[in-house]
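So you can see what is in the structure, the chains are spelled out below.
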Amino acid sequence: MSLISGVSAIFFARVPRAFRVVLDAFGAALDPFARSVGGGTARVYEPTSYHGRPMRARKLIRTAIAELKASEAIDHWQKGRERIEAEDLLGFVMGDEPDPEDKVGDAERDVFLGLVARRATGEPIPYIKGFTEFRGLELASEPGVFVPRDSSEYLAEQAVKRLRGRRSPVHVDLATGAGTIALSVANEVPKATVYGTDLSEDAVKLARRNARRLGLKVRFAAGDVFGGLPTTIAGTVDVITVHPPYVAMDEVDDLPDEIKDWEPVHTLTDRSSDGLGFVRQTVAEAPTWLRPKGWLLMETDPDRARDVKKVMTDGGFRDVQSTKGGDLKITRVIVGRRPA
Ligand SMILES: C[S@@+](CC[C@H](N)C(=O)[O-])C[C@H]1O[C@@H](n2cnc3c(N)ncnc32)[C@H](O)[C@@H]1O
């Protein structure tokens, strides 16, 4: 997996506080451009005039890194994030991974600096580029629909693992967004019958568009939680996946600007006071849809893993476990089997 995809493993940036402090301190210690101001760390960024001066990719990237580091809209907890994003955007403009010694023409340079300026306002890179990569699939991404996170690759992996060995597997991806998990399963387990549902019509439209472009068959439908599913599949589903909107309503304001100012609030929170409203509803209704011993897999953040596990255990689910994975080993997927 590329470093670029590692960056978007920051899902709701709900990394445990202690972990972030350590990372921030580590980053500051290694960064020669960082200087300490009032007990914190600030970056010195001098805007430069670019016109009339041919630039090497190396210098442009350095300029972009400084601009991104100075942005207050971006969450800087992950060391090296700004370089990865600058290189990603320059590669996007140049049509290829840039070599540091490449000369960048005036037109490309201006486009690149324009994109960096957009990113510095917090606009997510997949909205800027119009697509993102997820488990080797290029998924279209656009404002109004949640940006797929690399953290969810682990959720897809857990689903694929459980579906591959079955003769005629049936998979349901709730809250599917751009079709993220559903499309990965359709791609990696071609014999599976896959359903994806989301409350948002915009999400369902984008998911269908992604499926068409990729030549993958998924039955997408709009609906509230299980609402879009045909009743004929009740009791037959092998695996249900869900990456729910799990931020508590009063925590939305604490999210970084790059998330709360850009992604629709209904994709972030279910408006419950503890962020578990969607989870509770899923746990209550999933047994109707799962086959005996079928699996429910729910992605959440480390802070909420214990609570989600308890909701599933209290709901009668068996073999409930909190599993950990993804590049940074912080994604939690709580797994459990249908109650008897
Ligand atoms: C965190 S996003 C996950 C999207 C996608 N699964 C992914 O990982 O890229 C949560 C999704 O839940 C959807 N959603 C919110 N409330 C819903 C509801 N009541 N029923 C179905 N979907 C809902 C949102 O539209 C959003 O697409």
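The notes below deal with the structure included here. Given the structure is predicted, the values throughout are model-derived calculations rather than measurements. (Residues numbered from 1 in each chain as written. Predicted model: local features only at pLDDT ≥ 70, side-chain atom pairs only at ≥ 80, totals over all residues.)

## A few points about the site of the ligand
Move 1: By nearness alone, 20 residues border the ligand, and A175, G177, T180, L199 and H243 come closest of all.
Move 2: For the shell around the ligand, the secondary structure elements donating two or more residues are α8 (180-188) and α11 (265-268).
Move 3: Split into classes, the residues belonging to the shell around the ligand amount to 10 nonpolar, 8 polar and 2 charged. (Near = placed C-beta within 6 Å. Helix = DSSP H or I, 4+ residues; strand = E, 2+ residues; numbered from the N terminus. Nonpolar A, V, L, I, M, F, W, Y, C, P; charged D, E, K, R; others polar.)

## Quick look at the packing of helix α7 (residues 153-163) against α8
Move 1: Where α7 contacts α8, the two axes come as close as 10 Å, and the packing angle between them is 40°. Comparing the axis directions of α7 and α8 gives the class oblique. Our pair here, α7 against α8, has a crossing hand that is right-handed. Contacts between α7 and α8 pair L155, A156, A159, V160 and L163 from the former with I181, S184, V185 and E188 from the latter.
Move 2: Looking at the contact of α7 with α8 residue by residue, the classes come out as 7 nonpolar, 1 polar and 1 charged. (Axes fitted to C-alpha atoms, helices over the stretch in contact; angles between N-to-C directions. Parallel < 35°, antiparallel > 145°, perpendicular 65-115°, else oblique. Left-handed = near helix turned anticlockwise from the far one by under 90°. Contact = placed C-beta atoms within 7 Å.)

## Some points on unusual backbone geometry
Move 1: Positioned with a positive phi, R271 is a non-glycine residue whose angle comes to about 70°.
Move 2: Along the chain, R271 turns up in the loop between α11 and α12 (277-289).
Move 3: Take R271: there are 16 C-beta atoms within 10 Å of it, and that puts it in the partly exposed class.
Move 4: Phi at K293 takes a positive value of approximately 70°, unusual for a residue other than glycine.
Move 5: Looking at the secondary structure, you find K293 in strand β11 (residues 290-300).
Move 6: Among the residues examined, K293 registers 11 C-beta atoms within 10 Å and is labelled exposed. (Buried ≥ 20, exposed ≤ 12 C-beta atoms within 10 Å, placed from the backbone.)

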